[in-house]
Amino acid sequence: MTQETIKDIILKTLSEMGISIDTPDSSPDKVETSPPQDIDIRDYIADSIMFISFVIELEKKLEIEFPDELLLIDTLSSLSGFTYLLARSEERRVGKECR
């Protein structure tokens, strides 16, 4: 699964939870003259219950169990960073299944 696919799943999950995030690249009419800025997802997660609900939904959609190090709200400080961590976890899981 690519990082872009994982990012789309993250944003869709948040949207399904009633959280709308406008990313710099989400508006087809907008011409971006500077590099896209990253998003701090913590700004959109109101409390620990919402965080746990978000994690559970992502685990279902990605068919993974988050490693303990990802079960901290501070891992959401960057959409790109969180996407990267999930992609790496997915790569490790697939690698283990191939052995």
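In what follows, the structure referred to is the one given above.
As the structure is a computational prediction, the values presented were derived from the model and not from experiment.

Caption draft 1: Structural detail: the nonpolar core. Counting 23 residues, the largest nonpolar core has Ile10, Leu58, Phe82 and Leu86 as the members making the most contacts within it. When residues of this core are traced back to their parent elements, those giving at least two are α1 (3–16), α2 (48–62) and α3 (79–98). When neighbours within four sequence positions are excluded, Ile10 is seen to be in contact with Ile41, Phe54, Leu58, Leu79, Phe82, Thr83 and Leu86.

Caption draft 2: Broad picture of the packing of α1 against α2. Interaxial distance between α1 and α2 falls to 10 Å at its minimum, and their mutual angle equals 135°. The orientation of α1 relative to α2 falls into the category oblique. The element α1 and its partner α2 pack so that their crossing is right-handed. Contact with α1, carried on its side by Ile6, Ile9, Ile10, Thr13, Leu14 and Glu16, involves Phe54, Glu57, Leu58, Lys61 and Leu62 of α2 and no other residues of that element.

Caption draft 3: Layout of the pattern of salt bridges. In total, this model carries six salt bridges according to the counting rule given. Note that Glu16 and Lys61 form a salt bridge whose closest N and O atoms lie 2.2 Å from each other. Highlighted residues: Glu16 in helix α1 and Lys61 in helix α2, separated in sequence by 45 residues. Owing to a relative accessible area of 51%, Glu16 belongs among the exposed residues under this scheme. Close ionic contact of Arg42 with Asp74 constitutes a salt bridge, the shortest N to O distance being 3.2 Å. One end of the pair, Arg42, is in the loop between α1 and α2; the other, Asp74, is in the loop between α2 and α3, with 32 residues separating them in the sequence. Residues joined by salt bridges that share partners form a network here, namely Lys12, Glu16 and Lys61.

Cut-offs and rules
Residues numbered from 1 in each chain as written. Predicted model: local features only at pLDDT ≥ 70, side-chain atom pairs only at ≥ 80, totals over all residues. Heavy atoms only, no water. Core = buried A, V, L, I, M, F, W, Y, C linked by side-chain atoms within 4.5 Å. Buried < 20%, exposed > 50% of the residue type's maximum accessible area, 1.4 Å probe, protein only. Helix = DSSP H or I, 4+ residues; strand = E, 2+ residues; numbered from the N terminus. Contact = heavy atoms within 4.5 Å. Axes fitted to C-alpha atoms, helices over the stretch in contact; angles between N-to-C directions. Parallel < 35°, antiparallel > 145°, perpendicular 65-115°, else oblique. Left-handed = near helix turned anticlockwise from the far one by under 90°. Salt bridge = Lys/Arg side-chain N within 4 Å of Asp/Glu carboxyl O.

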